[in-house]
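Coordinates in review
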Amino acid sequence: MPYLVFIILFFFINSIYPQFVINPQKNDFQIYFNKHNISWNWQEKFTYLFSENNYGIIVHDSYRSNLITPKKNIKNWRDENNFDGYFYKNISNFQPGIYTKSWIFSDQQSSQTNQFSNHSIGIKSNYKPISNINITPYTGYQRAQNKSNIDWGWDLGFNGEYNNFKLDKYQGNINTHFDYDFYPNRQNSIQGFQVDFKTKFSPIATDSIKAYYNHSNKQYYSPSSDRLLNVKFDEKYLHNFFEYRLSPVTNLALQTILSSKNIFDNSRSNPARDVLRFENRLNVYYFFNDFEINFGFDTFQETQDNTGITTDSDALQTNIRTNVFYKFSPKDQLNFKFTLAKFQFDTPDSVNNNDDRDELRMVGGLEYIRQFSPVLYFGIEAYINFFHQVYIFKERSANNNWNRIFRLGSFVEYKGRNFNNILRNEILANYTVYDFEDQFTQSQSFIFRKYILENSLSFSILPRLKTGFNARYEFEDKGSFFKSEFAQQILQTTETIFFDYFIRFKNIYLLDFDGGIAFYARNDWRHVPKKSLIRDIKTTTPYLRIRYGLNKNLQFISSASYVFTDEMNMENSSYTTGSLSLIHKF
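Residues numbered from 1 in each chain as written. Predicted model: local features only at pLDDT ≥ 70, side-chain atom pairs only at ≥ 80, totals over all residues. Heavy atoms only, no water.

1. Regarding the overall build of the chain
Regarding its fold elements, the chain presents one helix and 28 strands. By its C-alpha atoms, the chain is 80 × 65 × 65 Å across when sized along the principal axes. A burial count over the chain gives 35% of its 586 residues as buried. Across the chain, contacts joining residues at least 24 apart in sequence account for 50% of those joining residues at least 6 apart. By element, 58% of the accessible surface of the chain is carried by carbon and sulfur atoms, the whole surface being about 34500 Å². When the 64 basic and 59 acidic side-chain charges of the chain are each reduced to a single mean position, those positions are 6 Å apart. (Helix = DSSP H or I, 4+ residues; strand = E, 2+ residues; numbered from the N terminus. Buried < 20%, exposed > 50% of the residue type's maximum accessible area, 1.4 Å probe, protein only. Contact = heavy atoms within 4.5 Å. Areas by Shrake-Rupley, 256 points an atom, 1.4 Å probe, with all protein chains shown as cover. Lys, Arg positive; Asp, Glu negative; His and termini not counted. Charge placed at Lys NZ, Arg CZ, Asp CG, Glu CD.)

Here is the structure:
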């Protein structure tokens, strides 16, 4: 019976397919290939839409493949393909047709080879009684594979849309969907709906409401036996967005979000979990000439109830944020950002679970840019990040700490007609201090510092020919930090150099070219018990990128690079990387 159903439906498809003629304007095909050191990746996407003489076809196909070849040269593949096709005929407001869906997944990269697939074919029709209502029922037969288990069963479903209808002053849309899979020994189902309304009360006030509900019930075979596993998932979501113009230069926006998830999985030791989340977001935006300020106040609360275990939790967070932009002269501008976040995490069981904690984070950034001339810019950047974590119960209080991050940088930029140069330098400090470190025999607090110097230069040789380089130097150290003495013991230092020389030209006989050579070097020194070089690595990488537009609808893009590595105490090695991409709109 299953094979007979497939034979009949495929013969029907073959009988109508020759009537279709390719339309050269509506479709596209994309294929992408990428090679890394030990992995190969392929991606493909195909879209074909056609309608003529009351007949039509819609085809979508996507393919992903990943190959990993480790040192033992064992080829491990992971492949996935999705195909969706619909062949139909237009009869007034009725559109009957044949649909086919195919999903294949094969994974050899896991601990054991996994083979999954689902193929279905059947009858589907779109019916539009009026312009804003669309009803789509479908019925088909399918074959599902779960490793060695193969099932044949029915595929039934329904999609419905009611768009742009009026409800008092609101304009609304309703979408609903149902899908049922009936197999002899198991059943799967998905059903849900989405409703959204929006209105404009006045020229200065708008409101929108969105709600959706989704329920799925999936049964599948256990990896170790033929026992059926059952997973149920319920999701509810409600979103309200209100915007009000307080004045010609001031906007206020308020968002409220309420969502809940219920998950049941009988294969787990804790089969059920309930998650409830409530959010509020208030945003005030003021803009006037060269001054803008954005103030935000956000809160959320999320509770998790896990059946049978002690990790139930209640998380609360409050954020206050401010963004300020001020252009106080035609050549001077200031950007300021600040965020204050308070987080609280509570659990009901203080005997078996001591993860209760409070967290406070302050993040600020300041940027000043000065334009000395039409081609010369100067800027200063500053950034701070303070994070304090406090565990409530003494069993975890050893983890209480302060993390502080400071960053200060500047840049000079020259933007000429044929010559561009950007010089940057930056100092970064990141250190963490534990509150009760004096009670431990070994230091837990650490410090990390880095200095960065970067230069980017490019200039035009000909109108479409450009060359230049990018250079970057980094010096960093890290070690233990002693709060009582405000001193540090350096354990390791690292010096890194990166240099890239490039040459590129654009749109010369529809060809874009980018090539060059990159050099990377890194040295690591350990300072305890004495200074010694522990790593010395150098890589040289010539590379090439080409983009060729055969015409406005067909493009070919490729890249290739050769990486040669010379590392201390290791044999020299080399490998190639590259990519190929073809985009065809036909």
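2. Structural notes on the side chain of D356
With respect to the element layout, D356 can be found in the loop between β17 (332-346) and β18 (357-373). Summary of buried charges: D356 has no salt-bridge partner, and the nearest side chain of opposite charge, R357, is 7.3 Å away. There is a polar contact of 2.4 Å between the side chain of D356 and the side chain of T347. (Salt bridge = Lys/Arg side-chain N within 4 Å of Asp/Glu carboxyl O. Polar contact = N/O pair within 3.5 Å; in protein donor to acceptor, adjacent residues only side chain to side chain.)

3. Focus: the pairing of strand β6 (residues 114-127)
Regular strands have side chains that alternate between both faces of the sheet. Sheet topology places strand β5 (residues 94-107) next to β6; 14 bridges connect them, and they run antiparallel. Within β6, the position partnered with K101 by the bridge is S120. Note that β6 and strand β7 (residues 133-146) share ten bridges and pair antiparallel. For G122, the partnering residue across the bridge sits in β7 and is G140. If you look at the hairpin formed by β6 and β7, you'll find five residues sitting between the two strands. (Pairing = 2+ DSSP bridges.)

4. As for the environment of S410
When you line up the elements, S410 lands in strand β20 (residues 401-415). Given a relative accessible area of 18%, S410 falls into the buried group. Separated by 13 residues in the primary sequence, S410 and L423 have C-alpha atoms spaced 8.4 Å apart. The residues touching S410, leaving out its near neighbours within four places in the chain, are F378, G379, I380, L423, R424 and N425. A polar side-chain atom of S410 sits 2.9 Å from a polar atom in the side chain of N425.

5. Focus: the nonpolar core
Among the nonpolar cores identified, the biggest contains six residues, and these are Y48, F50, I57, V59, F87 and F586. If you list the elements that add at least two residues to this core, you get β2 (39-52) and β3 (55-68). (Core = buried A, V, L, I, M, F, W, Y, C linked by side-chain atoms within 4.5 Å.)

6. Points about the layout of surface pockets
The volume enclosed by the largest pocket comes to roughly 550 Å³. Taken together, 22 residues line the largest pocket, and the ones lying closest to its centre are W103, N118, D181, N188 and K218. Of all the elements in the fold, those that place two or more residues in the lining of the largest pocket are β5, β6, β7, β9 (170-182), β10 (187-202) and β11 (205-221). Classifying every residue of the lining of the largest pocket by side-chain character gives six nonpolar, ten polar and six charged. Lining the second largest pocket are 14 residues; nearest its centre among them are D84, Y99, K101, K124 and N159. Listing elements by their share of the lining of the second largest pocket, those giving two or more residues are β3, β4 (76-89), β5, β6 and β7. Residue classes in the lining of the second largest pocket are distributed as four nonpolar, six polar and four charged. (1 Å grid on protein atoms, 1.4 Å probe; cavity = no way out; pocket = protein on both sides within 12 Å on 5 of 7 lines; lining within 4 Å. Points joined across faces, edges and corners; volume = space filled by probe spheres on them. Nonpolar A, V, L, I, M, F, W, Y, C, P; charged D, E, K, R; others polar.)

7. Digging into the pairing of β3
The sheet contact formed by β2 and β3 spans 14 bridges and is antiparallel. Across the sheet, the residue bridging to E44 is Y63, located in β3. Here β2 hands over to β3 after two residues, with N53 in that stretch at a positive phi of 55°. In this structure, β3 lies alongside β4, joined through 14 bridges in antiparallel fashion. For V59, the partnering residue across the bridge sits in β4 and is G85.

8. Focus: the confidence of the model for the chain
The pLDDT averaged across the chain works out to 89; a share of 93% of its residues lies at or above 70. Strand β19 (residues 376-391) holds the highest mean pLDDT among the elements of the chain, 97, whereas helix α1 (residues 2-16) holds the lowest, 36. Within the model, pLDDT remains below 50 along residues 1-25, and this stretch shows 34 contacts once partners closer than five positions in the same chain are excluded. (pLDDT = per-residue confidence, 0-100.)

9. Digging into unusual backbone geometry
Keep in mind that most residues, glycine aside, have a negative phi and that most peptide bonds are trans. In the segment running from V528 into P529, the intervening peptide bond is cis, with an omega of 5°. With respect to the helices and strands, the residue P529 is situated in the loop between β25 (511-526) and β26 (532-551). Despite not being glycine, N53 shows a phi value in the positive range, around 55°. You can see N53 is positioned in the loop between β2 and β3.

10. Examining a nonpolar patch on the surface
Taken together, V412, L423, I427, Y451, L453 and F475 make up a surface patch of nonpolar side chains, about 480 Å² in accessible area. Listed by contribution, the elements that provide at least two residues to the nonpolar patch are β21 (419-434) and β22 (446-462). Assignment of secondary structure puts F475 in strand β23 (residues 465-482). (Patch = residues over 30% accessible without salt bridge, like charges linked within 9 Å, V, L, I, M, F, W, Y side chains within 5 Å.)

11. Let's talk about the environment of S65
Within the secondary structure, S65 sits in strand β3. Sequence separation between S65 and E44 is 21 residues; the distance between their C-alpha atoms is 9.1 Å.

12. A short note on the environment of E292
Looking at the secondary structure, you find E292 in strand β15 (residues 291-306). When its relative accessible area of 29% is taken as the criterion, E292 is described as partly exposed. Residues E292 and R522, spaced 230 residues apart in sequence, show a C-alpha to C-alpha distance of 44 Å. Not counting residues within four places of it along the chain, the set of residues in contact with E292 comprises Y285, Y286, F287, N323, V324 and F325. A polar atom in the side chain of E292 sits 3.1 Å from the side chain of Y285.

13. Overview of the side chain of S558
Here S558 is to be found in strand β27 (residues 554-567). For S558, a relative accessible area of 13% gives the class buried. Beyond its immediate chain neighbours, meaning those up to four positions away, S558 contacts L544, R545, I546, S579 and L580.

14. Examining the pattern of salt bridges
Evaluation of the coordinates by the stated rule reveals 26 salt bridges. Note that R186 is salt-bridged to D151, the shortest N-O span being 2.8 Å. Of the two residues, R186 sits in the loop between β9 and β10 while D151 sits in strand β8 (residues 149-167), which places them 35 residues apart along the sequence. Exposure class is identical for R186 and D151. Each is buried. Each of K450, E454, R472, E474 and E476 takes part in salt bridges that share partners, so that together they form one network.

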